[in-house]
Structures are given as structure tokens and as C-alpha cells.
Amino acid sequence: MDAVESYMIPSDPSSHNSHHAVEGTSPVGSRVFQMPPEVEQLLEELDAIAREDAPRERLNLSADILRQIELVFSEDYGRQLSAGCWEDSRLKILGVLGLCWSNCTLVDPRFDCIPFLGQISLREYEALHLPLQSSKVTRRLQLLEGYFPSIVEQCPELEDVAARPLGDVIRRMDNLEAFYARCSGMSMAHWAQVAEALTWRGVSNLTELRLRFYFDIGTEGFTILARVLQVASKLKRLYIRRVPMAEAAGKALGEAVAVHQELEELELTPELEEWEDEGIQNSGNTQVIEGSITGGSKQCPLGRFIASAFLTDHPNQSVRRLTIDTWIVKSRQVLRLGVLSEFLRTTTFLSHFTLYAFESYLLACESQDLFEALRANCSIRVLSLSLQVDQAASPTGKGLDLGAFNELVEFIKSARILEELHLTFCNEKRWECVELNWAAFFVALGSNSTLRFLRLTISENCSFAISDPVRRAMTAWLQTTFLEDLTLDIEAGGEWRHLLRSLRKNTRLERLSVPGRILEDDMTFRELMALSHINSTLKTVDITGGSTDNGQRKAAIDESFRCKARQQSYLAELRAVLGTSSWTSPTCGRVFLCGTPMAGKTALAHCSLQLATPWYTPWYTRFMKKMLPRTLGIEIHVLKNYATMQVSLWDLGGQDIFRALQQYLFPKLNKACVFAFVFSLYDRHRKQLKQNLEEEFKDEFLYWLKFITSNSEVTGFNLPTVMVVLTHKDKTEKKTGLREQTRVSNYIQMAEQIVSKLHLEFSDVLNIHPTVYCVNARHKEDVRPIVTQIYSTMEDLFTEKLFSVPEACCRMSQRILQWALENEKRPVITHDELSTLCTEAHPALKSLLQNLPAPNRFKALQAIASYLQDAGTIIRLRDSNLLVANPNWLTNVFLGRLIGMGHGFEHSAESNSGAEYPISSDGFLSQFQFNTFVDDHLLQRLQTDRYTGFDHMTLQSVLESLDLCFKVSGINGESQFFVPTLVKVESNSQLQWNWAATDKELSVYMGLRIRCKDPRRTFLSTGFFPKFQITLWRSMKNEAGFMYSCKYNLISILHDCHDVIVENSADGSFFDVMIRSTKSREMVWMFVKQHILEKLFAFCASAEGSPGVSLVVDILRTECVKQRTPCAQRKDQSVSRGELKEKLKQSIRIAGEDMNSITKNLYHHTWEKKSGTTLDSECEAAIDLLSPEDIVEVQEWLRIEADNLIKKSEKWQQVLEEIDGTSLSLGNVDLLREFPRGPTVEDRMAGDGLCERRRLEGMIQEVGADVKKVLVKVDEISSNIGVIMKNLSTFKNVQKSTHHNVLQLIKDVDRTSGVWGSTHQLPCRPYFTNEDATMGHRITAAINIGKPLVLHFHCENIDGMHVVADQRGFNLTVGKENCEKLRIIARSSLKALWCLMKLGIHVTTSLGVLVPDLPISENHHLTLATMSMSSLLDVVEPQRMSQTNVVDLKKHEKAWEYLQEHLRDKLQNKISDYFSLYPVVYKRTNSITQAYSWLCIKCRESAIKNHKICS
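What this report covers is the structure whose coordinates are included nearby.

1. Focus: helix α31 (residues 854–870)
- Counted at 1.5 Å a residue, the expected span for α31 with its 17 residues is 24 Å, and the 25 Å between its end C-alpha atoms agrees.
- Turning to α31, the residues buried within the fold contact α21 (551–577), β31 (805–806), α28 (807–822), α29 (831–841), α30 (843–851) and β33 (875–876).
- Immediately beyond the C-terminal end of α31, within one or two residues, lies Gly-872, with a positive phi of roughly 85°.

2. So, unusual backbone geometry
- One non-glycine residue, Arg-946, adopts positive backbone phi at about 70°.
- Relative to the assigned elements, Arg-946 resides in the loop between α33 (927–944) and α34 (952–961).
- The exposed category is assigned to Arg-946, whose relative accessible area is 69%.
- For Arg-1124, which is not glycine, the phi torsion reads 50° and is therefore positive.
- In this fold, Arg-1124 is placed in the loop between α37 (1118–1123) and β46 (1134–1136).

3. Side note on helix α13 (residues 301–310)
- Within α13, ten of the ten residues are buried, leaving the element largely enclosed by the surrounding structure.
- Of the residues making up α13, those classed as buried are Pro-301, Leu-302, Gly-303, Arg-304, Phe-305, Ile-306, Ala-307, Ser-308, Ala-309 and Phe-310.

4. Digging into the pattern of salt bridges
- As enumerated under the stated definition, the model contains 55 salt bridges in all.
- With a closest N to O distance of 4.0 Å, Glu-419 and Arg-381 form a salt bridge. With Glu-419 in the loop between α16 (402–414) and β17 (420–426) and Arg-381 in the loop between α15 (364–376) and β16 (382–388), this pair connects stretches of sequence that are 38 residues apart.
- Given a relative accessible area of 37%, Arg-381 falls into the partly exposed group.
- One salt bridge connects Lys-1170 with Asp-1132, and the closest N-O pair in it is separated by 3.2 Å. Note that Lys-1170 is positioned in the loop between β47 (1164–1167) and β48 (1178–1181) and Asp-1132 in the loop between α37 and β46, a separation of 38 residues in sequence.
- It is possible to trace a salt-bridge network through shared partners that takes in Lys-1089, Arg-1137, Lys-1141, Glu-1189, Asp-1190 and Glu-1193.

5. Examining the packing of helix α5 (residues 83–101) against helix α7 (residues 122–129)
- Running from N to C, α5 and α7 point in directions that differ by 30°, and their axes come no closer than 7 Å. In this view, α5 runs roughly parallel relative to α7, as classed from their interaxial angle. For the pair α5 and α7, the crossing hand works out as right-handed. Between α5, through Glu-87, Arg-90, Leu-91, Leu-94, Gly-95, Leu-97, Gly-98 and Trp-101, and α7, the contact on the second element is made entirely by Arg-123, Glu-124, Ala-127 and Leu-128.
- In terms of residue class, the contact of α5 with α7 is made up of six nonpolar, two polar and four charged.

6. Some details on the side chain of Ser-813
- Structurally, Ser-813 can be placed in helix α28.
- Taking the relative accessible area as the measure of exposure, Ser-813 reaches 5% and is therefore buried.
- Residues contacting Ser-813, with those up to four places away along its chain left out, are Leu-868 and Thr-873.

7. Regarding the sheet that holds strand β41 (residues 1043–1047)
- Overall, antiparallel pairing links the seven strands, which are arranged β41-β42-β43-β44-β40-β45-β46 in an open sheet. With one partner strand each, in any of the chains shown, β41 and β46 form the two edges of the open sheet. Here the average twist between neighbouring strands, direction ignored, is 25°.
- Strand direction decides the pairing type here: strand β40 (residues 1004–1012) and strand β44 (residues 1070–1077), joined by eight bridges, are antiparallel. Its bridge partner lying in β44, Tyr-1005 is registered against Arg-1076.

8. Re the packing of α29 against α30
- Where α29 contacts α30, the axes come no closer than 5 Å and their chain directions differ by 135°. Between α29 and α30, the angle falls in the class oblique. Counting all contacts with α29, which are made through Ser-835, Cys-838, Thr-839 and Ala-841, the residues of α30 involved are Leu-845, Lys-846 and Leu-849.
- Classifying every residue of the contact of α29 with α30 by side-chain character gives four nonpolar, two polar and one charged.

9. Re the environment of Thr-644
- Note on placement: Thr-644 falls in the loop between β24 (634–641) and β25 (646–652).
- The exposure class of Thr-644 is exposed, given its relative accessible area of 61%.
- Along the sequence, Thr-644 and Thr-587 sit 57 residues apart, while their C-alpha atoms lie 6.5 Å from each other.

10. Here's the deal with the nonpolar core
- In this structure, Trp-191, Phe-353, Phe-425, Phe-441 and Phe-442 are the most contacted members of the largest nonpolar core, which totals 211 residues.
- No other element matches helix α36 (residues 1081–1101), which puts eleven residues into this core.
- Apart from residues no more than four positions distant in its own chain, Trp-191 is found in contact with Met-186, Leu-211, Phe-213, Phe-215, Gly-221, Ile-224, Leu-225 and Val-228.
- One finds Ile-636, Phe-675, Ile-708 and Leu-758 within the second-largest nonpolar core, a separate group that totals 38 residues.

11. Some thoughts on the environment of Ala-530
- Within the secondary structure, Ala-530 is located in helix α20 (residues 522–534).
- With 29 residues separating them in the primary sequence, Ala-530 and Arg-501 have C-alpha atoms 8.3 Å apart.
- Discounting residues that sit within four places of it in the chain, Ala-530 has contacts with Arg-504, Thr-715, Gly-716 and Phe-717.

12. Notes on a negative patch on the surface
- Where like charges cluster on the molecular surface, the negative patch consists of Glu-1453, Glu-1457, Glu-1461 and Asp-1465.
- Mapped onto the fold, Asp-1465 is located in helix α48 (residues 1449–1467).

13. So, the packing of aromatic side chains
- Tallied over the full model, the rule gives 37 aromatic pairs.
- Chaining the aromatic ring pairs together yields one cluster made of Phe-405, Phe-425, Trp-438, Phe-441, Phe-442, Phe-464 and Trp-477.
- Looking at Arg-210, its charged tip hangs above the ring of Tyr-180, at a distance of 5.5 Å from the centre.
- The cationic tip of Lys-1381 hangs over the ring face of Tyr-1458; the distance from NZ or CZ to the ring centre is 5.7 Å.

Parameters and conventions
- Residue indices begin from 1 for each chain and proceed along its sequence in written order.
- Local features in a predicted model are, by the rule used here, given only for residues with pLDDT of at least 70; side-chain atom pairs are given and counted only at 80 or more, and totals for whole chains, interfaces and linings are based on all residues.
- Side-chain numbers here rest on the full set of heavy atoms in the structure, without hydrogens or water.
- Each helix corresponds to a stretch of at least 4 residues labelled H or I by DSSP, and each strand to a stretch of at least 2 residues labelled E; elements are numbered beginning at the N terminus.
- One less than the number of residues in a helix, times 1.5 Å, gives the span that helix is expected to have.
- Between two residues, a contact is recorded if the distance between any of their heavy atoms is within 4.5 Å.
- For every residue, the accessible area obtained with a 1.4 Å probe (protein chains only) is divided by the maximum for its type, and the residue is called buried under 20%, exposed over 50%, and partly exposed between those limits.
- Within this document, salt bridges are pairs made up of a side-chain nitrogen of Lys or Arg and a carboxyl oxygen of Asp or Glu, the two lying within 4 Å of each other.
- Axes, fitted as lines to C-alpha atoms, cover a helix only where it is in contact. Angles between the N-to-C directions of the axes lie from 0 to 180 degrees.
- Each angle receives one of four descriptions, namely roughly parallel if under 35 degrees, roughly antiparallel if over 145, roughly perpendicular if within 65 to 115, and oblique otherwise.
- Crossing handedness is read from the near helix: turned anticlockwise from the far helix by less than a right angle, it gives a left-handed crossing, and turned clockwise, a right-handed one.
- Three residue categories are used. Nonpolar comprises Ala, Val, Leu, Ile, Met, Phe, Trp, Tyr, Cys and Pro, charged comprises Asp, Glu, Lys and Arg, and polar comprises the others, including Gly.
- Whether two strands pair depends on DSSP finding at least two bridges between them.
- The definition of a nonpolar core used throughout is a set of buried Ala, Val, Leu, Ile, Met, Phe, Trp, Tyr and Cys residues joined through side-chain atoms within 4.5 Å.
- By definition, no residue in a patch forms a salt bridge, and every one has over 30% relative accessible area; like charges are joined within 9 Å, nonpolar side chains (Val, Leu, Ile, Met, Phe, Trp, Tyr) within 5 Å.
- Areas reported as accessible are Shrake-Rupley estimates using a 1.4 Å probe. Residue values count occlusion only from the protein chains shown.
- Charge assignment in this entry is limited to Lys and Arg as positive and Asp and Glu as negative, and neither His nor the chain termini are counted.
- To locate a charge, take NZ of a lysine, CZ of an arginine, CG of an aspartate or CD of a glutamate.
- Put simply, two rings from Phe, Tyr or Trp (the six-membered ring, in Trp's case) pair if the centres are within 6.5 Å, and we call them stacked under 30 degrees between planes, edge-to-face over 60, tilted for the rest.
- Here, over-ring charges are defined by two tests on the NZ atom of lysine or the CZ atom of arginine: distance to the ring centre within 6 Å, and angle to the ring normal within 35 degrees.

Purely spatial values, then, with no claim about function.
Dropping the structure here:
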């Protein structure tokens, strides 16, 4: 007892109410210690939190305070102080933390502040809990992993002492409503103390109790729990998970639940041990746990619980939600619950029922009974079932068989009150499942009209395949389903695109959830994007799981739905106020003229306008004294402005810098746009045809195709149409002779060939018109076919009706266009002026705005403005009352000239002020420079051109709204403006970290490279990175703890010891993220993913980014991060994550002879020495470079590989037994029976769901979206590498054993088939083909006299034999003397091939084709894989005696000797010439005996390289 007392301190709460009396000193015993300064500061900060008057929901300490706590409690810090001072400092900090918690409604010590809580002493543990005893605020108490001191595990006698502080806290908490306990350190003593504290008052306010025991509480523990339930009369929710339960315990708990009439939610996950009494029925190796209450003297605890709680004379009738999770300790047990069906059949109060059967099996008959009971039930509205599917090869009656599945189908058809259904079909054993009638299942789903929510998961290996009947049933179901919320997780492969297309016509579905893996298919992704635009009722698509590489596509889908939600919002507002007016589909489109500078785009635009609008003034009268000027930015004209079609013409500047304005280009309503690529054949400087015409045309055309693809939103429909126009036809005809005209004709043909080739390459993203137009851009008749084709294309694009808009808004669009032409010098208007224009546009709008109250009138105007912006009629300025009514002014006059001047495009003389254009070294301008820049280069120019309505603040607001600048506080409080797009930047800045740190402090250096996934077809535009800088600044400026700064092409971030530099490359083709941190690599990955990658993907998917670009994340060389290597020198210092994963898998596949050197054999990436730099040659382990989710993926792959080895071994054994009863010893393959199933990427990184719930149950899930909870998950990921290393040696052993078994297997197959062994004179694996058949396409089935044959031999590679494609073969004629011998050889060879086919080698191997087709008759042939041994022998030898399969060795020996002698006489040592095979001798190893073999040239070279054969 003395030892126990030494851990205790006084338990009077009044002596520890506060540390406020402490003034820098503290007594311990008779000594007084001076507190270190950092401890004093920490105590002051914590004390300020403790003094707060308003209660907190939970204690969320800042990262700085957490870091200080971690520092004080570290061993290194303790060594700097005396033992007493360090102990006293810790006690004081814990005491104040207890005070802080006493003012929180939720107390969670483990996750709130001390991740190492389990390492404190009992004295400190009690000091932490003492202030909580007086809390009047705490409502919820949560105890998770690592809560109890670890010293209890070392000294079990201290359990009672360690349990007292918690018991005292609970005992004195009058308002405790919820108690969670999920901690492996919890013991029976703790549970007894907690239960005693919960019941000591006799009455409890507890409404929620969640318990997860990691020990067997026994009958006594359940008796205590029953007593808690009796006292907690207000308890509403009870969750008991993973609790070992005996029969008496189940009965005691059931009786307690029966008398508790306030309980509404009950979840029970018992661990059921193996039973050996009257209630057990044995079936083979499977234990059947009887749940019927009448089956014997000893029953299943779960069945006993159900019977005692719900099937007594006075049952519980308050439980509305019941969850039963059958966690079976013995994985081969079968759970039988007769009482469950009885309860479901009779209950009238249960509304939610869940049954999980991941690790157990319901008997097939019980499954049928279960579904019959559910059909009879009249109260359950929400049903969740997880069921194992029965085995196909030898049905055992356990799991879901066809009969039970049919009962499920009937239940779905007849369920008329069921509203929500969760169905999961499992195959944890990964066996071949029984074939189920999936077509009938989906027909049943389609016939149910009450279901509103469905979550369907069909795990792999559940015999699910989308055949034609299933496809038709699923298509009909998805088109007409009444569901509002659908979660679909199935293995559908390429069928996903057809399923998603079916949902286009659905008018009820609002939410869809699909697995992230479907985004890997390009066509499926585009179909999903099309669905997001076309289906008007669908509000969101959730993508669950998936890798980081699919993050861009997830962001694109989210962005599409955000835009759709915004459109539906203003359309709903318009429908509310204009519901009685007529509605129509939007018919607005855009035509873009793009191409090289001085190509004739402007002339083509004016000629098109003459054709479209007869009143348009011809260009030659308007510009008689002045040539057409070069286009500045984007010049916009109205090509057609009718009620049926509004088409605008956008003349794009050819200079690269103007492509920074791409976010203003693409329409947001119906995505209808046409691009006319204009290219001049004529060199205006040399007055002749261009010299390198083909190369220039291809390069420029490809560039614009990439630009269009990169900046067009992926929609899956209404692909942007591209037309090709060659100009200056007149100049080539006038100034060239016949020879030159022939060259022009050849160039046109060349252009058509290039267009045809690129049309195929871009067919999935662009619609490239096949016709190439060669015109004089000033001649109407030449241009007329182009305009006609534009109108025709627009009409086709308008056929896709996305949604309807009020006709009044279309009229408003026409009115704005007309007003902009009439008021060219007033491009910017206010909302009041917009209201005036509305009253002039349409009577309905006039009546609307006159009768609505002021607030509603403003909302209606906002809705109208939103529509006009999406239609491209106006441009709204963010956070401003201004609207740009003339987009041409913004894109051409304002932005075009502004950017052009900054980059030296336009003549400086055009600026009347004569002021120098600013040049910046880092993209920043001071307040004075910015004011001068706006006044001299913008405002004065606009005033000179007689534009009205502008002042300095208006122009600054325009720039800020368009994200062309943002204002930051500079040094000494002086404001600065970041304007990298507008000014010319001359930067040579060096990379600098944000804070000084030594290598000892830093634990991680990491580098990532972000680039385009498809650089051939996409690229990042000029303005991408500057706009991303501004977007990232906007998102981080309101987040606490972030220090953000940027320069030209640079971003710097500092947060929570994560020091980040993001640098854009000079050409914009990629940018690198370089990080150093004191945290773990997993935490760094999570930080970068959450704060940089996800925001980058979202920005890229938006209109301001590059929505057509898919980004990928590569790995940057670590040494480049450490040395801060300049961008130009590290351009080639990256490697793709996909390459690293594949090479890591390859290194795992290679069987290692030395099990002790496995880690050395894992792939290490080699970085070459970089000349001219300090980067030397080095290697880095792939597992040190890959992300946590990549490691999880490799671990899951390793598990699947192991499962496949087991399956193959089992199949080999079955085949050999089928041949002649030979049994193959599988050796060490059974070691893999216990190969652990690793968590998936969804489990570890993101998901919530059934798998995560099962495998990560030790982690907190109730807390919500708390960052600290996510970090705990990330910490778990680091163990995956250890899991791989732990199981890799087992995998290697199995792999070696399997390889040895393969060789032994082939010998057994040869022996049983009668195949002669290889010698140095002749190969051993012949086959025959018809003389007129293509080599390798058809094996001859029968050997008939007079029939010409061709003899071939397989390559005999021990890793997999295969057909030699270029083999010449040897001609034979079947005669009476050799017919029988050739038949024996053919029979033996085909038998051996059949065996290998049945062993799972299939038709092809990694080395090539193994088995050609086998003809049965002239018009029909059958593959070997579909034949039985009997049918095979019938084909080869129709008259054979079927009574024996025994090989006559003497006949086979004579047949092979004949063939050997015949070939030796005929070929005379020319076997290699005829069969392209070469004799080798394999070296003797542990698994390979020295043997002759004949290899093809490729396999022989590989064997020599790998030192497998003797020289």
C-alpha cells in the first residue's frame, strides 16, 4: 500500500482550484523552484483560456501552445532542469489544463492537447483530473486510445489507483449526458469504477453511452452494465462494440434492455467464441452457431440477447434503431439466428435495422427466412444488410445462395414502406461465388416506387458482371428510378460510361455517389461531366476514395456542380418572379478568331459582319485612311442578335500575353462555341510564300488546339468546334507564278492531312472540322461558306437543351447589346442603370421591377445580372456595384492595351502622359507606384478617349475584382500591390526559406512537381500561376497561423513548422513544391494535400484556371530541396509516382534468395549526377519517396498477389487430381492463409464507410471534421511500410515455394501426358498446324493419312513457355508408317497444353501467345480452355478406347524416337533455322535442377543477362 500511496496527491479540489497565486515560484515539499521563462509564458497563456467566461464546445489549443506543451514534457527538456523543477512544471501545466477542460462541454484529453497522455505519472494524471471534479459545464466525456497511464500495464496492482481519478470526476459531474470509452488501456478495474460512478447517485442524466472494450468483461461486467442501464433511465442511445459475450452475459444484457423503455438506439457488436454444446451443428470445417432459443441447453449469446430483450412477455418496445454486427472470432464460423427472423416478423416499433455479416455467414436457409420476415414486417423504413455470397464450386449452404437471393429480390419488389436501403454483397474468402440473377435484382429495384435512398456495394469476386440482360435492366432502372440519393460501388469497368449516360434522362435523382477509381477512365470522366450539366435535378456527385492523381478531376466535378447550383439559384429566383412569362432554352454562342499575329483575323471578322448585318459599314470606308490596327487583347462584335440565335464574334490577339485573358472567353450556359484558326500563307515581310509553311502551320495549329483544350471545360457534350482558315489567297495568286500556285495547292493538301491527323488525336476533346478553307478574308464570297458553316454548327450545338430561361431575359440580352453599341463611351453601369434597361427591354420586366418591394427587386436584379454574365452579355465585378455592359471595352481597350503596354507590345507613344511604364523586380508596386500607374496609364488614357464614369477607385476596384492585383501590408505598414500580370518583371531572386532551422531540428525534406498529365494536348496558360497566387492568398488570409508571401513566380508559406516554397518554372510547364518540416513525412503529405494540392486542383478546374487540364503530382529529388537548387538546374530531377510504384512492385516480385536482404532488394531510384551543379549521383528508396496513399496501394497490391498465388496453387492441385489422381504438395503456400488484409486508400486517407468502420474502429469517428483526428489517421499510415516489410519475407517464401512447385508441376504434367523430356538434340513441346493456316492461329485437331501438316515447337522458358511468332516450321505428310506415332505425339502435346490452360496460364502470357485456337470442324472451333479432358481426347483420337487414361510409356518412347531420328535425318542440325530455338542448359539452383531447354532468341538473351543459363 505504501507503493500505491506514493503516487497519490491530496484529493481536495479546493486546494487546486487555480494556480493564480503562483508568482513564478512553486513549492515541492520544502523546496521552492523558479519556473523557467517558457513555462511561465505557457502558464499565462493557458490561464487566459481558463479565465474565459463563455463555455467552449471543446478545447482547441493553437499549434504554438501544443508545441510548447510538447517541448516541456519532452525528455530532452527535462534533462535541462532539475528533477523537482521539471516535475513541478509538468504538474502546474496539467493542473491548468484541467481548469481549461472544466469550461468545455466536450472533454477529450487525448485529442485536445496531450497526444502522449499515457506517458504521464499517476500523480500528474490525478492533477489533470482534479479540476474537472468541480465542472458545471461538461456534458460529454470521451476517453480514447492512450488515455490511461502506461505505468498501469507495467504494474497491474495500480489499476485501482489509476481508476479513482476518473471515477471521482464522473461521480461529481452532475450534468454528464454522454460518455464514450474506446481505449485499449481500460481494464476491468476502470470499468468497475466508471460504472460505480455512473450509478452512485441512484439517478443519472446520461442519454448516450458508447463502450468499446478491449478485454473480456465477462458476465460480471455485463451485470454491472445492466445495473447502469437500470439507473440511467433517460438513456436514449447505447453502443456496445467488439465485446466478448457469453450466453449468461447476453441474457443479462437482454433483460436490462427489456425493462428500459426510453432507449431508442441500440448497437451491439459481440465477439462470439467457438461453441461446443448442443446448440452447435458441425458441417465440415464450419462451425454453426445456433441462435434458436429452442435448440439446446446452451445458446448463442446474441440469440439469447434478442430473445431476452424483444421476445419476452414484457419486451422492450422503445428501440427504434437496432444494429447487429456479427463479429465472429473464428472466421469460418456460420451464424444462425432463428430468433432474429421471429423478432423482425413480429415487431411493430422498429424503424431502422442494420445487420453486418462481414466476418460471418448466415446459413442460406436462414437468409431466406430473414427476407421472408422482412417481407412480413410493416415498420422498418431503413434497412442495412451486409451479406456473404455462397461458394459456387461446392455450395455449402452457408452464405447467400441463389434461393436466398431470389427471396431478396421478392422482398425488394414487395417492400412498400421501405425508404432507405443499404446493401453490401461480400466475398471475404475471395472464392468463386455462385452465379446470381443480377438482372432480376435490378428489375426489382426499378419496380420499387417507395425507395428514396439506396447504397449498393458489390465487392470484387462476387460473380457480378454486366452482361446484356444486366445492362438492359440497369439502364431501365437508372432512367426511371424514384431514388433521390444513390450510392453505387460496383466493379463495372468500361460499363460505367453507359450507366452514367442512362442517368441523363432521370428526373428524380438529386445525389449520386460513385467510387473514385472510375475517374481513371477518360471516357467515364467525360460522361460524368456531361451528366453534371445535362441532368437538371442532380445536385451533387460525391467521389469516394481514389488517388491524388484524380484530385484534379474531382475538383472539376465539384466546380461544375458549384456553377450549376449558382445557375439554378438565380433561375429559381427568376422563376419565382417571372413564372407566368414564357420560357425558352438559351441560344447564345461564341465564335473565336485565333491564330498567328497579322494573319488576317480582323479582316475576316469585319467581312463576316458585313455578311451577317447588311447595315454594317464596310471596313474599307471606315479605315480608308488608316489600315486595320493590330488587335489589342480580345475584340468583341455581335455577329447575330436574333431571338432564335445570339452569336458574338471574338477576335483574339495573336500575341502570347493576351492569352492570359482566357477566363473571359468561354460561355457558361450551353457551352456552344466555335474556334476559327486563321493562318496566313503569305510572308508580309518578304512579300512571298512562307518558307517553312508546313512546320509553322503544324506548330501554330497544335499550339491553339492545346490552348482550346486546356481552357475549355470538360463537358462530355458540345465539344468546341475548330475550323481551319488559310488567308491571303489573293496575294498568293497575284504575286506568284504557276509553279508557286502549285506549291499553294500542295500546301492546302498538306494542311488537310495535318488537320485529319490532329482530328484523330483530339477527337475526344475537340470537334475539328475536316474542311480547310483557303480564302481572301476581304472577299464576301470567299467568307460566306465559313459564316454558313458557323450558323449550321451553332444550330447543332443548340439541340442539347440544358435548361430554360425566361424569354424576357433573352430580350434583355438583346437590349444590352444594342445599348452597348449606342453608348460606346459608357462601358460600365450600376445596378440602378441595369434596372432602367430592364424596364425598356420587356413588359414583364417592367411590371416586375415596378411592383416588387425594394429587397425583392434587388434580388431579382442580381438574378438577371447573373444570367447576363453567364450568357456573356455583361461582366460582373466581384464585391462591387458595377457591371461591365460592354465586354469589348474590358477585354480590348482596358485589359488588352494595359497588358500590351506592360510587355512592350503596343507603341509607348500612344500614352499621352509620357510616363514610364513601371518595372518590378518581384511583381510588387508600392502605393505611390500603383497610384501613378493607375492615374497615368489607365485613368488619363480613358479620359483622353472620352470614356465617362471612371475615377481612381473605380479602376482599382476593377483590377481587384478581376484578380489582376491584390493589396498587402508592406514594411512599416506601407501598402503594396501585387501585379505580376500587368507589369514587366525582371527577377533574379534566390530561393529562401521562411525561418532559420538546423538540420537537427528538421526531420523531413520533401519535393513535389505539379505538371500537366497530358503535355501533348494541354498546357498551363500564361496567367495561371499569378492568378493562383492571388487565389491562394485570398483563401489563407483568414486562416489562423499562416504566414503567406509571394513574389514573381514564387509563393512562400509557413505554418506549424511546415516551411513551403512553391516556384513556377520559367516556361510555365510545371511548378515545384519544396517543403521542410519538423513533423513526420505523413503529416507533411497531409498538410500539402489539404492546403496546396486541393486548392490548386479546385483553382485549375475553375474558369479562372485551366479547366481542361489534368494535373499530376510527381516526386522531386530530395537533394534539390535541401540545396534549394535553381529551377533551371532541377528541370529533369523528378520522377513520376506511377513509375516508382511499378518498379517497387517489380522489385517485390523478384524472388530473393537471401531473406535477410529483402530491404536492400526493394527498388531504389537512382538520380544521375548533374553536371555544372553540386548534385551528385545518389539513390533514394521508393518507399521513402512515395506518398502514404501510394504505400497503402502497394500494400493492397501485395495482399492481392498473395491471394492469387494461393488460388493458383489450389487450382494446380485440382487439375493434377483430375488427370490421374496425382496430388501436388503445396509446401509453404499455406503460410499465406494468415496474410493480413491491408487497409485501402479509402480506409486510411479519407473514407467513412463500412470498411473503415471495421478496420479502423480503434480510431475516433464521432468527433467530426477535426484536423487533429485526421492527423491521427495519418500517423497510422506510417505503419504501412512496416507492414509491407513484415509480410514481404512471407510473400517471398511463398513465391519461391510456388516457383519450385511450378517446375515440379510441369514435370508432373509431362509425366502424366507422355511428353518426352528436352535433350540437347530436340525440343520437347511440339504442336501441329495445317499447312495453309497462318502460323500460331490454329492447332490441327486430327492426324489423318495424306494430310499435310506443319510441325512447330514452343519456346521452353521456365518462366512461361510460348509460341515463337516468326517460327518457320517443318512440313510433314501423314502416311501409314507414321500416322500412329504422330497421333501419339499430338495427343500428348495437346494434353499438356490443356493441363497448363486449366492451371490458369490462359491463352496468353507475359512472354506471348501460349495456345492457338483448336478447330473442331471446318466452320467451328473450340478453345482449349472450354474443353474437358474427355472431350479433348475425343477430338484428337475419335476412335480411342475411353476405358483408360494410363500412358503407355513404350509407345510414347517409340513415337518420340521416331520424330527425333526423322528430324535429324531431314534437318541435319538445322533445328534452329527451322524453329528459331536454341539449346541452353539452366544453372542448378535451390528450385531449378540442371536441365536442357530450347529458348527463342529473346528469352535466351534475357536468361544470359540474368545469369540463369550456363555459358
